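Fold and geometry: a report
So you can see what is in the structure, the chains are spelled out below.
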Amino acid sequence: MEIVYVYIKKRSEFGKQCNFSDHQAELNIDIQPNPELAEQFVERNPVDMGIQCSVSMSEHEANTERFEMETRGVNHLEGGWPKDVNPQELEQTIRFRKKVEKDENYINAIMQLGSVMEHCIKQNNAIDIYEEYFDDEDPVEVTGEAPSAKTINVFRDPQEVKRTATHLSWYPDGNRKLAVAYSCLNFQRAPMGMSFESYIWDMENPNKPEMTLKPSSPLVTLEYNPKDSHILLGGCYNGQIACWDTRKGSMVAELSTIEFSHRDPVYGTIWLQSKTGTECFSASTDGQVMWWDIRKLSEPTELLIMDITKKEMLENSLGAISLEFEPTLPTKFMVGTEQGIIISCNRKGKTAAEKIVCTFPGHHGPVYALQRNPFYPKNFLTVGDWTARIWSEDSRESSIMWTKYHMAYLTDGAWSPVRPAVFFTTKMDGTLDIWDFVFKQCDPALSLKVCDEALYCLRVQDNGCLTACGSQLGTTTLLEVSHGLSTVQRNEKNIASSIFERETRREKLLEARHREMRLKEKGKTEGKDEDMRYEEVSVDLEKLVNEAEKEFFDTIFTELRKKEIDALKLEAKPSTGEEEEETEQGIEGEEEEDREEGARDDEDEAGD
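Report on the accompanying structure. (Residues numbered from 1 in each chain as written. Predicted model: local features only at pLDDT ≥ 70, side-chain atom pairs only at ≥ 80, totals over all residues. Heavy atoms only, no water.)

As for the sheet that holds strand β16 (residues 342–346)
Judged by pairing direction, the sheet is antiparallel, and its four strands sit side by side in the order β14-β15-β16-β17 without closing on themselves. At either end of the open sheet lies a strand with only one pairing partner, and these are β14 (320–325) and β17 (356–360). The sheet shows a mean angle of 20 degrees between the axes of neighbouring strands, taken without regard to direction. When β16 meets β17, the two strands line up antiparallel, connected through four bridges. Opposite Ile-343, over in β17, you have Thr-359 as the bridge partner. (Pairing = 2+ DSSP bridges. Helix = DSSP H or I, 4+ residues; strand = E, 2+ residues; numbered from the N terminus. Axes fitted to C-alpha atoms, helices over the stretch in contact; angles between N-to-C directions.)

With respect to the environment of Arg-95
With respect to the helices, strands and loops of the structure, Arg-95 is situated in helix α2 (residues 90–101). Spatially, the C-alpha atom of Arg-95 lies 9.6 Å from that of Val-85, the residues being ten residues apart in sequence.

Some points on the pattern of salt bridges
Across all of its chains, the model carries 22 salt bridges by this definition. Residues Glu-492 and Arg-419 are paired through a salt bridge, measuring 3.0 Å at the closest nitrogen-oxygen approach. Taken together, the positions of Glu-492 in helix α5 (residues 492–527) and Arg-419 in the loop between β22 (410–415) and β23 (422–427) put the pair 73 residues apart, joining distant regions of the chain. Between Arg-506 and Glu-507 there is a salt bridge, with the nearest N and O atoms lying 3.2 Å from each other. (Salt bridge = Lys/Arg side-chain N within 4 Å of Asp/Glu carboxyl O.)

Considerations on the sheet that holds strand β11 (residues 279–284)
Pairing between sheet strands relies on hydrogen bonds along the backbone, with the strands arranged either parallel or antiparallel. Pairing is antiparallel in the open sheet, where four strands are placed in the order β10-β11-β12-β13. Both edges of this open sheet fall to β10 (266–271) and β13 (302–305), since each of them pairs with a single strand only. Sheet twist, expressed as the average angle between the axes of neighbouring strands with direction ignored, equals 15 degrees. As defined by bridge partners, β11 adjoins strand β12 (residues 288–293) across five bridges and the pair is classed as antiparallel. Opposite Ser-282, over in β12, you have Met-290 as the bridge partner.

Below, the structure written as structure tokens:
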């Protein structure tokens with residue numbers, strides 16, 4: 001380290017100039033040790049002394065020579081034959097084998113090798129070191145840990161004007177990336193300067209998105225193609241369908257035309273199970289479901305109007321806000337509507353009326369989430385208003401299971417891909433609830449406050465360990481659930497199946513009972529004489545009208561008298577008790593007169 005000192009004095013203030021010269025060392029004074037002084041010293045104990053405890057380490061770098069590899073092939077041919085024997089001639093090879101087999105050395109060698117080989121075969125027959133003894137047993141997880149979840153990463157919207165994270169999609173190969181769609185769903189209230197961009201995030205790098213997607217309108221939904229991880233499908237706020245190829249950059253690769261697209265925001269896009277892997281379908285609040293082929297996005301290949309009256313009238317259609325498709329049921333799909341009704345459809349119906357199979361009553365508000373159970377597709381989960389409900393296709397009048405009514409509005413939900421009895425829900429108060437109805441049915445197994453703002457979307461990873469939640473301010477939180485919530489428990493599939501079947505039977509019995517009661521009431525009503533019923537109704541109506549009028553006028557007169565009494569009390573000055581008594585008697589007399597007049601009016605009405 002170089003030390004520099006700058007002198008700021010004048011040269012005249014330094015004094016006499018010093019001139020140095022080289023000369024040999026010389027001894028000026030030598031002081032010998034004095035034992036008497038040594039006795040006066042006090043030894044200090046203990047003594048604190050600082051030392052360096054860490055091991056001295058060195059760093060060494062070596063640049064090795066590059067190892068060059070090359071591939072070579074060897075063509076193996078039949079060999080070992082003498083030169084005078086042609087291996088291609090069958091007769092020569094047979095003659096040579098017979099000659100060798102008669103040789104004594106050959107026989108001795110075979111006998112020696114045979115005994116060694118026999119020993120090895122007997123060992124293999126005695127024990128198989130590669131045998132799996134408990135391969136057919138179901139995995140048993142005995143864990144006493146309480147359900148828990150921890151935050152792994154947080155991905156924040158890099159834009160200054162924050163937008164809502166409206167949809168999430170996991171990368172199909174290894175789930176190491178997450179695509180997030182950002183949009184503002186407030187009708188005509190988008191903030192000034194709001195960006196249209198959406199992003200693809202790398203799980204290990206929350207500071208900067210790996211790729212930016214630049215649509216012509218904000219994306220409401222975004223889905224990876226399960227067959228080709230480079231292709232993404234997006235539904236725009238203006239109703240268009242966009243397609244990206246990440247190998248070609250951030251710009252849109254294919255875009256549907258405005259005149260053949262949806263008229264409202266696209267709230268649902270799903271890839272279909274097809275040979276080409278290019279077919280998909282979308283749903284919007286304009287009441288239409290459209291099928292597309294990304295090789296030709298100029299117009300849809302098929303169209304269905306969500307008119308449950310089966311008249312195919314767009315003005316009667318119900319707006320679709322959620323979409324469900326199970327690859328194991330390739331012809332069926334389900335639509336959740338703004339009106340709270342769930343519509344079950346069959347794509348292979350010959351007419352539009354046949355394509356709408358049935359409806360379920362659903363919720364009091366929009367159905368924000370709709371998903372079949374991955375283990376039992378006949379049962380599906382819906383999320384809307386303040387509850388989450390589980391339905392069975394065999395019971396169409398009511399759900400078989402439901403959660404309690406929460407204080408906060410529910411916004412999204414999803415089944416666990418690995419546990420048939422576990423599902424997730426998000427709420428407007430920023431809470432993530434994890435339900436396990438085998439463990440507990442009245443309350444969630446785990447309720448976690450993820451953030452202060454509202455949570456809007458949810459997506460569970462394929463292995464069930466990681467869950468991503470998108471919030472109103474564009475923050476995507478990555479959570480890791482505990483081992484017990486992401487591992488199948490002992491006999492869980494059978495228990496979940498029995499619960500579904502039991503609740504379905506119960507709902508069927510209740511539906512049959514309600515149907516019988518309605519038929520009995522209808523029969524009783526039809527058995528009465530219509531004329532007598534009309535007379536009784538007319539008499540009852542007149543009597544009810546008279547009673548209502550009397551009650552109405554009595555209430556008015558009572559209020560008027562109270563106001564008169566209050567006015568007299570305010571106007572009257574402090575006086576003797578006699579004056580107060582006279583005033584009270586006068587008021588009582590007026591009340592008696594009013595009662596007599598009311599009684600006379602009642603008598604006149606009865607006489608009429």
